[in-house]
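Listed below are the residues making up each chain.
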Amino acid sequence: MDAVLHDLALHWPVYAAMPFIAALIGYVTKRVAIEMMFRPLDFIGIPPLLGWQGVVPKHGGRMAAVATELLTANLLDLREVFARVDPVIITSELEQPLLRAVDHIAREVLAEHHPRLWEVMPTLAQEMLIKQVQASAPRLVREFLDDVRENLDEVLDVQHMTVQRLTRDKALLVRLIRETSRPEMAFIARMGVYFGFGLGLIQTIVWAFTREPWILPAFGGVIGLCTDWLAIKLIFVPREPVRLGRVIFQGKFQRRRAEVARQYGELIANEVLTVQNLLDAVLRGPRADRLAALVENVVSEAVDKQVPLSFAVGSTRLREIKHAAARKALEQLPDTARYAEGYLTEAMDVAKMIEQRMLALTPLEFEGLLRPAFRQDEWKLIAVGGVIGFVVGELQVLLMLG
């Protein structure tokens, strides 16, 4: 005992520094583990083994599929979303751009497919024909919206759209997970400091009595391994609140349910299920041909009701006009629809729906929102923490024995 006290008196600054070095090990290993989850976006090194790619971007396809499954199965009802769109209001929002689009399409199609008829028609007759078509435009919009609602599953594959969007944009997937889990990441780093300091006190006592060179690297490795593992566990468990006296314990992610639900809903609404992305998926997705058929059907009925036109052209030419008008209507749809983007975003209110439904999830379902990001290659992150801790422990030995 006298030898221990003598050594403590002789090397007290080093002994005093040990718990703080251990706390630093705990913090550094956590920060490294966190960054390794998200960075780099692309593999850096010599494939397939020598190098690293962030866990989230590496498993982006699977994580996107998991997130989409949760979204479509539990958080989003597209029929309810589209039912919130009022045809009268959207028709009012689109009135002027719609009239311009109809005017442009009608003139262009007739001039292209029946130039002689169009040229010989008096200007007044041309204008009357255009006005007739324009007059039917509001009704056509309402019919089109009704058709889309009734055939929504045939027109829009939201799962395909979401997975493709998240997989193609790795940075978006990383941001989706990182933004909703930022406090949890900070918590992991803080726990590394606290756990590391506590284990460092034990390390100091063991070293004082043994002076064994292997003690410091061994403890460094244990600190790196255990603090990584324990910090990750404390994010998710216990799932339900557990009261011990006056203290209530619950996984940090579970405690933040209301905040996470709001953040997640806003991110999905603003980055994934935007009006522009939905429209793009409808127009260019795997079911785009179904939308084209709906448009052609609506346009065909509108053309058939223009009696002068039906008499003036043959059936073959009339079919060509219908097809050309439908094609140009599809081409004009994105530019026309953007005038109603503000109303559609507000009316559909995707963020609010997701937020409300997330709050109704079971704790296990809610955990599934973030848990896959940690479960993939979790052992590698913990192992890296152990290796870093071991190396720092070796440096401590050199300091102590030097």
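Residues numbered from 1 in each chain as written. Predicted model: local features only at pLDDT ≥ 70, side-chain atom pairs only at ≥ 80, totals over all residues. Heavy atoms only, no water.

Visitor: So what exactly am I meant to see when it comes to the overall build of the protein chain here?
Guide: Each helix and strand counted, the protein chain has 25 helices and four strands in total. A total of 402 residues make up the protein chain; the buried ones form 47% of that total. When contacts within the protein chain are restricted to residue pairs at least 6 apart in sequence, those whose partners lie at least 24 apart make up 80%. (Helix = DSSP H or I, 4+ residues; strand = E, 2+ residues; numbered from the N terminus. Buried < 20%, exposed > 50% of the residue type's maximum accessible area, 1.4 Å probe, protein only. Contact = heavy atoms within 4.5 Å.)

Visitor: Could you clarify how one ought to interpret the packing of helix H4 (residues 60-75) against helix H11 (residues 158-168) in this entry?
Guide: The geometry of a pair of packed helices is captured by two quantities: the angle between their axes and the separation between those axes. One way to put it is that H4 packs onto H11 with a least axis distance of 9 Å and a crossing angle of 145 degrees. Taken as a pair, H4 and H11 cross one another with a handedness that is right-handed. Across the interface between the two elements, Gly 60, Gly 61, Ala 64, Ala 65, Thr 68, Glu 69, Leu 71 and Thr 72 of H4 pack against Val 158, Gln 159, Thr 162, Val 163, Leu 166 and Thr 167 of H11. Class assignment of the residues belonging to the contact of H4 with H11 gives a composition of six nonpolar, seven polar and one charged. (Axes fitted to C-alpha atoms, helices over the stretch in contact; angles between N-to-C directions. Left-handed = near helix turned anticlockwise from the far one by under 90°. Nonpolar A, V, L, I, M, F, W, Y, C, P; charged D, E, K, R; others polar.)

Visitor: Help me out: how do you make sense of the environment of Ile 105 in this one?
Guide: Examined against the element boundaries, Ile 105 turns out to sit in helix H6 (residues 87-113). Residues Ile 105 and Ala 324 lie 219 residues apart in sequence; the distance between their C-alpha atoms is 8.9 Å. Beyond its immediate stretch of four places on either side in the chain, Ile 105 contacts Ala 325, Lys 328, Ala 329 and Gln 332.

Visitor: Is there a simple way to think about the pattern of salt bridges in this case?
Guide: As enumerated under the stated definition, the model contains 15 salt bridges in all. Two residues, Glu 35 and Arg 31, come together in a salt bridge whose shortest N-O distance is 3.4 Å. Of this pair, Glu 35 and Arg 31 both sit in helix H2 (residues 12-38), four residues apart, roughly one helical turn. Assessed through its relative accessible area of 22%, Glu 35 is described here as partly exposed. On the basis of relative accessibility, which here comes to 28%, the residue Arg 31 falls in the partly exposed class. Residue Arg 357 pairs with Glu 80 through a salt bridge whose shortest N-O separation is 3.0 Å. Here Glu 80 lies in helix H5 (residues 78-83) and Arg 357 lies in helix H22 (residues 350-359), a separation of 277 residues in the sequence. By relative accessible area, which is 34% here, Glu 80 ends up partly exposed. Connected through shared salt-bridge partners, Arg 31, Glu 35, Arg 39 and Arg 178 make up one network. (Salt bridge = Lys/Arg side-chain N within 4 Å of Asp/Glu carboxyl O.)

Visitor: Honestly, the nonpolar core in this entry has me stumped. Any pointers?
Guide: Here is a general trend for soluble globular proteins: nonpolar side chains tend to be buried in one another's company. Ranked by size, the top nonpolar core spans 84 residues in total, and within it Leu 76, Ile 90, Tyr 264, Leu 273, Ile 354 and Met 358 carry the most contacts. Looking at which element gives the most residues to this core, the answer is helix H16 (residues 257-272), with seven residues. In this view, Ile 354 contacts Leu 71, Leu 75, Leu 76, Tyr 264, Gly 265 and Ile 268; residues no more than four positions away in its chain are not counted. The next biggest cluster of nonpolar side chains, apart from the first, holds seven residues, and it includes Tyr 15, Met 18, Ile 215 and Leu 216. (Core = buried A, V, L, I, M, F, W, Y, C linked by side-chain atoms within 4.5 Å.)

Visitor: Would you explain the packing of helix H12 (residues 170-180) against H16 in this entry?
Guide: H16 packs onto H12 with a crossing angle of 160 degrees between their chain directions and a minimal axis gap of 9 Å. The pairing of H12 with H16 is recorded here as roughly antiparallel in orientation. Crossing angle aside, the handedness with which H12 passes H16 is right-handed. On the side of H12, the interface is formed by Leu 172, Arg 175, Leu 176, Glu 179 and Thr 180, while H16 contributes Val 260, Gln 263, Tyr 264, Leu 267, Ile 268, Glu 271 and Val 272. Class assignment of the residues belonging to the contact of H12 with H16 gives a composition of seven nonpolar, two polar and three charged. (Parallel < 35°, antiparallel > 145°, perpendicular 65-115°, else oblique.)

Visitor: What should I look at first to understand H22 in this one?
Guide: Counting along an α-helix, one turn takes 3.6 residues, and residues three or four places apart therefore face a common direction. Turning to H22, its buried residues number three or more, namely Val 350, Ala 351, Met 353, Ile 354, Glu 355 and Met 358. Looking at the packing, one finds that the buried side of H22 touches H4, H5, H16, helix H21 (341-348) and helix H23 (363-367).

Visitor: Would you explain the packing of aromatic side chains in this entry?
Guide: The relative placement of two aromatic rings is captured by the distance of their centres and the angle of their planes. Applying the stated criterion across every chain, the model contains three aromatic pairs. For the pair Phe 20 and Phe 197, a centre-to-centre distance of 5.2 Å together with 70 degrees between the ring planes defines the contact as edge-to-face. One end of the pair, Phe 20, is in helix H2; the other, Phe 197, is in helix H13 (residues 182-210), with 177 residues separating them in the sequence. Owing to a relative accessible area of 56%, Phe 20 belongs among the exposed residues under this scheme. Between the aromatic rings of Phe 236 and Phe 253, the centroid separation amounts to 6.2 Å while the plane-to-plane angle is 70 degrees, which identifies the pairing as edge-to-face. (Phe/Tyr/Trp six-rings, centres within 6.5 Å; stacked < 30°, edge-to-face > 60°.)

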